[in-house]
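# Observations on the three-dimensional arrangement
What follows is the residue order along each chain.
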Number of protein chains: 2
Amino acid sequence: MSRKEEIITTAARLFNEKGYKAVSMRDIATAMDIKAASLYNHINGKQEILSEIILKVAEEFTKGMTNVVAENSSAIKKVEKVIELHIDITVNHSDALAALNNDWMHLEETDLKAFVKMREDYEENFRRIIKQGIEAGEIKPYHPEVILFSILSTLRTLYLWYQKRGKLDVNILKKDMVSVLIKGIV
Amino acid sequence: MSRKEEIITTAARLFNEKGYKAVSMRDIATAMDIKAASLYNHINGKQEILSEIILKVAEEFTKGMTNVVAENSSAIKKVEKVIELHIDITVNHSDALAALNNDWMHLEETDLKAFVKMREDYEENFRRIIKQGIEAGEIKPYHPEVILFSILSTLRTLYLWYQKRGKLDVNILKKDMVSVLIKGIV
DNA sequence: CCTACCGATCGGTAGG
DNA sequence: CCTACCGATCGGTAGG
């Protein structure tokens, strides 16, 4: 892991605990046993740290969703794949997900626009899957936005749950979460 | 509305937009067309504003849950009542819910403890309702924690949805949300 | 990677 | 409710 990557993972952990605005460059440096000024030999500023954390994991969601959409399978199967995608990313990047969920509004303009675009595209793809499922008679004809929101809100806050009760085996989580979220709409 | 209440609702709106730490006392004062120093004639400090916002709405949840628990009805009926409680509070205090969800960790020690206690009690009551429902055969025997989490995560982020698509009639929201969240577990 | 430092901004107070 | 101000802390830079 490069020094830059060390800074980013340390920062992600602190941002998760206290939020981006409440963490100072001195906090990050102290956690690494160096001085704040030394951070600037590896990164351009605090904003850059935030954008690396958030955009990297946002791109993982984008790639994952692209794969799901390209699949030749039923809508329900696609929803299952999306749930699994969220669980996998949660397990591997739970600190980054805290920043993505809580601190995205502190991105600077260019990165903010890129992030919002990715999030909107992601939601639109998910919405289309749900609508296709309803049209095919696989999913109950509830208001699609309500279905989208209730599933997505659970998946988005999965990181909180994983951090508190991480002991529960990931496979149990995967199986039960799929059951609870899917069985309600089929 | 007293001047103090004006400060609190103005602050809640700004905290919702940018987060507690990113909003300065000068920001709050400017939004009210006064100077920052004048705020201190009505409140003791920034911390007090945050704690009034969060603890007031936390107490509403506590009271509401107490009423639900005291009811003489089925577990499913109680879950429905909890969902309705969240929707009602979301409609009336959506700014405060943003602070409750995102800025609770910035409460000072005494208030932080009180808040965490209320949240834990609330979750425990909800957990008990779900377990009773499973024992009574009303709710499917999924892992109770997974059911609790998936419903609660949706209810907790309802304010985000309400703020984006508030146009959707509250009664439609109530009906469809109850359907989507409940039908999956019965 | 460090010491030394800068201008800006913060929450808050004194005194009217 | 205001002007004037304070000490602390912030992100960041210069120069080695």
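Residues numbered from 1 in each chain as written. Chains lettered and ligands numbered in written order. Predicted model: local features only at pLDDT ≥ 70, side-chain atom pairs only at ≥ 80, totals over all residues. Heavy atoms only, no water.

Attention now moves to the pattern of salt bridges. Should their charged atoms come close, side chains of opposite charge can pair. All names here are of chain B. Considering all chains together, one arrives at 32 salt bridges over all chains under this definition. Among the ionic pairs, Lys4 bridges to Glu52, the shortest N-O distance being 3.0 Å. Remark: Glu52 occurs in helix H4 (residues 46-70) and Lys4 occurs in helix H1 (residues 3-18); sequence separation between them is 48 residues. Taking the relative accessible area as the measure of exposure, Lys4 reaches 27% and is therefore partly exposed. Arg13 is the salt-bridge partner of Glu17, the closest N and O atoms lying 3.9 Å from each other. (Salt bridge = Lys/Arg side-chain N within 4 Å of Asp/Glu carboxyl O. Helix = DSSP H or I, 4+ residues; strand = E, 2+ residues; numbered from the N terminus. Buried < 20%, exposed > 50% of the residue type's maximum accessible area, 1.4 Å probe, protein only.)

This paragraph deals with the packing of helix H8 (residues 144-156) of chain A against helix H10 (residues 170-183) of chain B. Contact pair H8 of chain A / H10 of chain B: the axes reach a minimum separation of 10 Å and the direction vectors enclose 50°. Between H8 of chain A and H10 of chain B, the angle falls in the class oblique. The handedness of the crossing between H8 of chain A and H10 of chain B is right-handed. For the pair formed by H8 of chain A and H10 of chain B, the contact residues are Val146, Ile147, Phe149 and Ser150 of chain A on the first element and Asp176, Met177, Val180 and Leu181 of chain B on the second. Considered class by class, the residues forming the contact of H8 of chain A with H10 of chain B number six nonpolar, one polar and one charged. (Axes fitted to C-alpha atoms, helices over the stretch in contact; angles between N-to-C directions. Parallel < 35°, antiparallel > 145°, perpendicular 65-115°, else oblique. Left-handed = near helix turned anticlockwise from the far one by under 90°. Contact = heavy atoms within 4.5 Å. Nonpolar A, V, L, I, M, F, W, Y, C, P; charged D, E, K, R; others polar.)

Residue and element names in this part refer to chain A. Mapped onto the elements of the fold, Ile87 is located in helix H5 (residues 75-92). Classification of Ile87 by relative accessible area gives buried; the value is 0%. As a C-alpha pair, Ile87 and Lys77 span 10 residues in sequence and 15 Å in three-dimensional space. Beyond its immediate stretch of four places on either side in the chain, Ile87 contacts Leu158, Val170, Leu173, Lys174 and Met177.

Between chain B and chain A, the residue contacts involve 32 residues of the former and 32 residues of the latter. Summing both sides of the interface, chain B and chain A together bury roughly 2700 Å²; the carbon and sulfur share of this comes to 68%. If you sort the residues of chain B by the area they bury against chain A, Val146, Phe149 and Val180 of chain B come out on top, with a joint share of 23%. Linking chain B to chain A there are two salt bridges. Broken down by secondary-structure element, the contributors of at least two residues to the side of chain B that touches chain A are H1, helix H8 (144-156), helix H9 (158-164) and H10 of chain B. Residue contributions to the side of chain B that touches chain A peak at seven residues, all from H8 of chain B. In the side of chain B that touches chain A, the residues fall into 13 nonpolar, nine polar and 10 charged. (Buried area = accessible area lost by both parts, 1.4 Å probe.)

Our focus in this paragraph is the UniProt feature "DNA-binding region" (unreviewed entry) in chain A. The positions UniProt marks with the feature "DNA-binding region" (unreviewed entry) are residues 24-43 of chain A. Structurally, residues 24-43 of chain A comprises 55% helix and 0% strand, and the distance from its first C-alpha atom to its last is 14 Å. (UniProt positions renumbered as here; feature names shortened; annotations may be inferred.)

Once that is clear, we can look at the protein's contact with DNA strand D. Taken together, 15 residues sit near DNA strand D, with Met25 and Arg26 of chain A together with Lys35, Ser38 and Asn41 of chain B positioned nearest. Within 4 Å of the protein, the contacting atoms of DNA strand D are 55% sugar and phosphate, with bases supplying the remainder. At a separation of 2.9 Å, a phosphate oxygen of DNA strand D approaches a polar backbone atom of Lys46 of chain A. Here Asn41 of chain B contributes a side-chain N or O atom positioned 2.9 Å from a base nitrogen of DNA strand D. (Near = heavy atom within 4 Å. Polar contact = N/O pair within 3.5 Å; in protein donor to acceptor, adjacent residues only side chain to side chain.)

Counting 126 residues, the largest nonpolar core has Ile28 and Phe126 of chain A together with Ile28 and Phe126 of chain B as its most contacted members. Beyond its immediate stretch of four places on either side in the chain, Ile28 of chain B contacts Ile7, Thr10, Ala11, Leu14, Phe15, Val23, Leu39 and Ile49 of chain B. (Core = buried A, V, L, I, M, F, W, Y, C linked by side-chain atoms within 4.5 Å.)

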